Each structure stands twice: as C-alpha cells, then as structure tokens.
Amino acid sequence: MSDFEHQIYEAVKNAVSSVYGIDATDVLAVETPRDPKMGDYSTSIAMRLAKQLHKKPSDIAEPIVEELKKTFTQAKSIEIANPGFINFRISEDSLSQVINRILEAGDSYGSNDSGKGTKVLVEWVSANPTGDLHCGHARNAAWGDSICRLMETSGYDVLREYYINDAGNQVNMLGESLIARYFEYFGKEYPLPEDGYHAEDVKKIAEEIAVQDGERWLDADPSERLAYFRKEGVNRELAKIEKDLEMYRVSMDSWMHETFFYEDDSRRIRDCLSRMESMGLTYEKDGALWFKSTDYGDDKDRVLRKSDGSLSYLTPDIANHVYKVERGYPNLIDLWGADHHSYVIRMNAALKALGYPADTLHVDLIQMVRLVENGEEVKMSKRTGNAITIRELCEDVGVDAARWFFVSKDVATHMDFDMYLARQKDNNNPVYYCQYAYSRIHSILEKAQTFEKKDTYDRLSEEKELLLLKMLGDFPNHVAEAARTRKPNKITDYVLSLVKVYHSYYNSCRVINNDDPDLTNQRLGLVKATGITLKNALGLLGVSAPDSM
RNA sequence: GCGCCCGUAGCUCAGUUGGAUAGAGUAUCAGAUUCCGAAUCUGAGGGUCGCAGGUUCGACUCCUGUCGGGCGCGCCA
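Every chain is numbered on its own, with residues counted from 1 as its sequence reads. Numbering of ligands from 1 and lettering of chains from A proceed in the order in which they are written. Reporting of local features is limited, given that this is a predicted model, to residues whose pLDDT is at least 70; pairs of side-chain atoms are given and counted only at 80 or more, and all residues count toward the totals for whole chains, interfaces and linings. The side-chain numbers reported here are obtained from all heavy atoms of the structure, hydrogens and water having been left aside.

Undergrad: Any chance you could break down the overall build of chain A for me, citing the residues and the numbers?
TA: Put simply, DSSP marks the helices as runs of H or I at least four residues long and the strands as runs of E at least two long, and each gets a number from the N terminus on. On a plain count of helices and strands, chain A comes out with 18 helices and 15 strands. Considered along the principal axes of its C-alpha atoms, chain A spans approximately 85 × 60 × 40 Å. When the 549 residues of chain A are sorted by exposure, 52% land in the buried category. Any two residues whose heavy atoms approach within 4.5 Å at even a single point are treated as in contact. At a minimum sequence separation of 6, the contacts of chain A that also span at least 24 residues come to 72%. Here, Shrake-Rupley sampling with a 1.4 Å probe gives the accessible areas, and only protein chains in the shown set may cover a residue. With the model as given, the accessible surface of chain A reaches about 25,700 Å², and the carbon-plus-sulfur share is 47%. Residues scored as positive are Lys and Arg, those scored as negative are Asp and Glu, and His as well as the terminal groups of each chain are ignored. In this description, the location of a charge corresponds to atom NZ of lysine, CZ of arginine, CG of aspartate or CD of glutamate. Separation between the mean location of the 68 positive side-chain charges and that of the 89 negative ones in chain A comes to 3 Å. Remark: exposure states derive from per-residue accessible area (1.4 Å probe, protein chains only) relative to the maximum for the residue type, with buried under 20%, exposed over 50%, and partly exposed in between.

Undergrad: Help me get a handle on the packing of aromatic side chains, residues and values and all.
TA: For this analysis, a ring pair means two rings from Phe, Tyr or Trp (six-membered ring only for Trp) whose centres lie within 6.5 Å, classed as stacked if their planes differ by under 30 degrees, edge-to-face if by over 60, and tilted for the remaining angles. In total, this model carries 23 aromatic pairs according to the counting rule given. Ring centres 4.9 Å apart and planes at 40 degrees place the aromatic pair Phe-406 and Phe-417 in the tilted group. Highlighted residues: Phe-406 in helix α13 (residues 399-407) and Phe-417 in strand β15 (residues 415-418), separated in sequence by 11 residues. For the pair formed by Phe-406 and Phe-417, the shared burial category is buried. Three or more aromatic residues joined by ring pairs make a cluster, and in this case those are Tyr-182, Phe-183, Tyr-185, Phe-186, Tyr-190, Trp-217, Tyr-228 and Phe-229. If you follow Lys-119 out to its NZ or CZ, it ends over the ring of Tyr-329, 4.7 Å from the centre. Its guanidinium or amino end placed over the ring of Tyr-248, Arg-403 lies 5.6 Å from that ring's centre, counting from NZ or CZ. Placement of a positive charge over a ring is assigned whenever Lys NZ or Arg CZ falls within 6 Å of the ring centre and within 35 degrees of the normal to the ring plane.

Undergrad: Kindly report on the pairing of strand β13 (residues 369-373), identifying the contributing residues and their values.
TA: A regular strand places its side chains so that they alternate between the two faces of the sheet. Two strands are counted as paired when DSSP detects at least two bridges linking them. Sheet topology note: the β13/β15 ladder contains 4 bridges and is parallel. Each residue of the ladder has a partner; that of Arg-370, found in β15, is Asp-416. Taken together, the 2 bridges between β13 and strand β14 (residues 376-377) define a ladder with antiparallel strand orientation. Within β14, the residue paired with Val-372 across the bridge is Glu-377.

Undergrad: Which residues make up the packing of helix α7 (residues 200-213) against helix α8 (residues 222-247), and what values do they have?
TA: The interhelical angle for the contact between α7 and α8, taken along N-to-C directions, is 120 degrees, at an axis separation of 11 Å. For the element pair α7 / α8, the angle class is oblique. The element α7 and its partner α8 pack so that their crossing is right-handed. From α7, Asp-201, Val-202, Ile-205, Glu-208, Ile-209, Gln-212 and Asp-213 reach across to α8, where they touch Tyr-228, Phe-229, Glu-232, Arg-236, Glu-237 and Lys-240. In terms of residue class, the contact of α7 with α8 is made up of 5 nonpolar, 1 polar and 7 charged. Axis geometry follows a simple rule: fit a line to the C-alpha atoms, using only the stretch in contact for helices, then measure angles between N-to-C directions, giving values from 0 to 180 degrees. For classification purposes, an angle smaller than 35 degrees is called roughly parallel, one larger than 145 roughly antiparallel, one from 65 to 115 roughly perpendicular, and anything else oblique. Here a crossing is called left-handed whenever its near helix is offset anticlockwise from the far helix by less than a right angle, and right-handed whenever the offset is clockwise. Charged means Asp, Glu, Lys or Arg here, nonpolar means Ala, Val, Leu, Ile, Met, Phe, Trp, Tyr, Cys or Pro, and polar covers whatever is left, Gly included.

Undergrad: Tell me about the nonpolar core, residues and numbers included.
TA: Nonpolar side chains in soluble globular proteins generally cluster together in the buried interior. Among buried residues, the Ala, Val, Leu, Ile, Met, Phe, Trp, Tyr and Cys ones that are joined through side-chain atoms within 4.5 Å form a nonpolar core. Ranked by internal contacts, the top residues of the largest apolar core, which has 140 residues, are Tyr-162, Tyr-248, Leu-393 and Phe-417. Beyond its immediate sequence surroundings of up to four residues, Leu-393 is in contact with Ala-138, Leu-371, Ile-388, Gly-398, Ala-402, Phe-406, Phe-417 and Met-419. Within the second largest apolar cluster, 34 residues are counted, among which are Leu-314, Val-322, Trp-336 and Val-363.

Undergrad: Give a description of the environment of Tyr-432 that names residues and reports values.
TA: Its place among the elements puts Tyr-432 in helix α15 (residues 430-448). What makes Tyr-432 buried here is its relative accessible area of 17%.

Undergrad: Describe α8, and please don't skip the residues or the numbers.
TA: The length a helix should cover is 1.5 Å for every residue beyond the first. Between the first and last C-alpha of α8 there are 37 Å, a value that for 26 residues agrees with the 38 Å anticipated at 1.5 Å per step. Arg-249 lies just past α8 and shows a positive phi near 65 degrees.

Undergrad: Help me get a handle on the confidence of the model for chain A, residues and values and all.
TA: Confidence per residue, as judged by the predictor, is encoded in pLDDT with a range of 0 to 100. A residue-level look at chain A finds 99% of positions with pLDDT of 70 or above and a mean pLDDT of 92. Both confidence scores are given for the complex: pTM 0.95, ipTM 0.94.

Undergrad: For the pattern of salt bridges, give the residues involved together with the corresponding values.
TA: Salt bridge, as applied in this entry: a Lys or Arg side-chain nitrogen positioned within 4 Å of an Asp or Glu carboxyl oxygen. A complete count under the given rule lists 39 salt bridges for this structure. Between Glu-152 and Arg-160 there is a salt bridge, and its shortest N-O distance comes to 3.3 Å. Looking at Glu-152, the relative accessible area reads 37%, which means it is partly exposed. Look at the salt bridges and you will find they share partners, linking Asp-145, Arg-149, Glu-152, Arg-160 and Arg-403 into a network.

Undergrad: Can you break down the sheet that holds strand β1 (residues 30-31) residue by residue, with the values?
TA: Spatially, β1-β2-β4-β3 is the arrangement adopted by the 4 strands of the open sheet, whose pairing is antiparallel. The open sheet has two free edges, formed respectively by β1 and β3 (75-81), since each of these has just one partner strand. For β3 and strand β4 (residues 85-90), the ladder comprises 6 bridges, and the chain directions are antiparallel. If you follow Glu-79 over to β4, its bridge partner there is Asn-87. Against the sheet, helix α3 (residues 57-71) makes contact with β3 and β4, and its axis sits at roughly 170 degrees relative to β3, the strand it touches most.

Take a look at the structure:
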C-alpha cells in the first residue's frame, strides 16, 4: 500500500475528473499544512481551478469533498477551509497501519521508486591527487555521498565516480617536489619548485620511496625519473585519499583518470575535437584552437588546444563528460567548489554544442566552508601548521558530527563550521540529540524483551502517538523529495522533528506498563517502528545509530 | 566593470512546482525526575523576511532596480 500523500493525490485527481471532467495532474499538489490543527494533509486544488472554472474556490471544493467522502475511506474528516483549502484528517486505524509496513520493510523502509530506474552518474570530491583532503572536500564528500544514498534509496541507478586530475601541470609539480625531497633524504641538492608542494605529507611520501628504492634514482634519466615520481606520487596520494574517504564512510564505484583520455594516442579526445571541428564549433587564432562557447552563453570563447600544442584542462574534461554519456548515463551530476562556477557555463556550453539535451549535466556548487571556534576562523592546524585535513577534523569532532553538520546546511550557503559546537557531547549538539533518541529506543526494547506483531494498533490514540505515526508514514516521501531536489538537509530536518516528537512522547507517556500488557505491546510496536525509521534516516546521512552512548 | 552565490529572531538555519497567523534549534527567563537513560521534557519573550517598486485572489518565494558580504573573470588546473 502506498502512503497517504499518494493515496490522497489519486483520490483528488479522480474526484476532480468525475465532478468537472478535468485532468488535474499538472496543478494538483498534496501538502502538509504548517499548522497541524488544519489537518494531516491538504490540497489547494480548488484555488488553482478557480480561474479556469470562473467560480469561487469554496464552491468548487464542495462537490469535490462530497465525492471524496464516498471514495477516500481512510479519512476521518474532509473539510473545506478559507479561502478554499481542502483539509484531510486520517483515521487512527489507517494511520496505525504504518507500523506493520515498517516492521516488514525493516532496513529498506524509506525505499521508494520515484527515481524509476533513471541512470545517474555522480562525480564528486575529485580533489587533485597532490595532497590530503581538507574541510572543503569534507563538505563536498558528505553532501555527495548522501545524495547518492538518497537516490539509490529512491530507485535511481547511481554510479559514483571520482575524476582524478593526474595529467596536468600540478602533477609535474608533485613529481618535482617529491624528487627534491628524495634528494634531500640522501643529503643531496635539488631545487624545490616555487609553486611546488611543501607540505609534510609530500616529504613523507618521498621518504617512503627513498626507503623502498634506495639511491637508484639520484643519477637516473631525468624524464624517466620525473615520470616515475609522478606516478608514485599520484598513486600514494590516491591511496591516502581513498583511505580517508573510507574512514568518512564514502566509497566510489569508479575512479576515472584524466590520463585515461590521453591513452591510445588520445583517441577519445581527438574524437571529441574532430566532432567539434566538423560541427563548426571551433576556429584557429594566435596558433591556438578555440571553442566558440560565446554562441552557447559563455562570456568569452575558450581555448581547447594551446599554441604550444598541449591541451587546456577543458578539453579532456569534455571527453570525460561525453564518455559518461556513452557509457549509458544520460544524467550527469557534478559537485564542484563554488570557485569553479564560471566553468559550469563552459562545460554546459560544450555539451549543448555537441548536441546533448540541455539538462544532461547538473552541477551543484559547494560554497566555501570556514572552520570557526569561539567566533574566530581557524585556518591552520595547531599540530602541523597546515590546512586542517578531513582526518584531523574527524579525529577532533567525530565522523558522525562532521557528516551531520556538513549535510544539514544547504551547500548554496556559505558555511561556518563551529568546531566547538560539533565537539560538544550534550544537548547543544543536534547529532547527539538524535542519537540519544535512538539509544533510548533501543534501551526500551531491551527492557521490554517481548513484542508481538498485531493486525491492528487501535489503542494508540494519544496526540503524540498519532503525530508519530503520521511522521513515520511520511518518511518515504521525504526521502523521494530529498533525492529529487538533491538536498540531504531535508533529511536532517526530518530527523530532528521526528526525534523531537519522540522525546516529547517519551516524557509524557510511559511505554512499558505492566498493568496493561496489550497497550504496552502496541506502544512497543510504535517505538520499534520509530527506531527502524530513525536508523534508516541517519543511514542516509552516513551517521551511525548507536544502541547506547 | 561583468558574472555566479548568499542576505529571514541576538546567533546558526528551515520555509514543500507562489498558499492559511513566517517556523525550528540555540541563547535568555520561568518550570518539570517515587517510574522505561534529565544527553530529556513543558512554557514565555524575541521579526519592517537587506531596501524600493512590480506581477495577482494571494509574494520570504517570481520579475526589475538597489545596498551589503563571499567567490570568479588565464593559452592555470
């Protein structure tokens, strides 16, 4: 059985059709009123039809309601409110059905098929393999991973991909920096490039190579040596990144190397370029090959092949995006730092010019994060003197808090990450407020020992119980909506409001009551269903649900 | 100068294809444990939704202008 929102949607659609002969699909919406006194659900359909029917909304609503009273039997009441809302209240008996639905679904409760099997390729994190992940990547990683979890749970077919920039100049810099540190290890001189990587982790990798390979690279052929140190550097940096992501509960299905597109004599890139050339999208100027991106909304044309014959960053990345589509993913999502926003127009221009539909690529931009403590920005790690890494952040505040905080605020807003607050293990910290509720649930179920599934839970009639039932039943809708809009913060909001009601219920009603085993059993069903829902919701955020804390 | 993002309670933020009296948390103040974990609960105060116009039955939401903050404007990646 589907949830109430869908049931009401169908019932209203049918009622409008039979009363007015109108297909309301495009204008019909079922909502939850802000004020619960209005009802459990409402629709503004009568107001939306007013213009078309030339009648007062309340007059339009009346026959619809009469029809609904006959067809929608799960309702306890259906009423018209000014200026023309139709408000529904669900009967207690229908509401309590959700308990068995949740108990049967278990870990999969919240799953829905709103994604209809749509194939989506999500590219995110994609930090350069030249150093450790820092807090900006942590925001990107948490958000992207939750988006993937939400979409998977909503029936999308998701591929999680990391694009590795291992072909550009910054990788040469990494190689040169490693060689310099390698020489330094053996007491020899080698210039550390000015734009090179000076961080401690680069030094450490150079030392590892020195220990592993000995002195044999000191007198080696310079270009062979650079190639080796590039490759070693990238591999070892990537291994660290993968390990950090694993610690952060993020896993990728696919690691796509930029160098892949240079393989086979750059076949994929050449194909792309010749496609663009034959479509008349390019021109030569000053010895370089340009893309006429201004024809597709860009503010200036972009260089594809530089005058020295090498390619700009854009070119292999176009091939990368084309290759995603060719692999069978017509829907692409990228998560980039907001400082790359001008690049969004460029990439979309390229895809559009090549003939792909306008909505092929969605780029979600992640605004900057500032780590803040006591109202002041924390720029450097006290221990290392460098930018704070994702690992240091998680060792400090915990993975649960880090992921919760990053995912609870829309990435379109500039974020101050409050280190002090995230570290708190008390009621100031929303993560612990939610996890504590789960521990309380677990503890109650442990204590009660027995629970027996029943066909009906007809004695759950307290205000808080009915509210809980309704919220539990709405969970799959919240998941679907969060997946559709790619906003996991809708789930943190849901969890907070669910947990608030649960804590309140816990304080006002005793669950375990030895004088009334039947009522105890019914309440245990509600508590158990709440626990399952809460754990699944936290799971979508990559946050744990501890049995005790 | 041009482009993108943001501006809602003291602070951090929600606000459901435009809907009902703009909501949470926190902080402040006042209360609640004979009983399932007080890491909890109940209540109070707190607002010109940056500002000014426009669109309509209805605007925090859409449009125009304007102010403030962030970011970007390379044959770097």
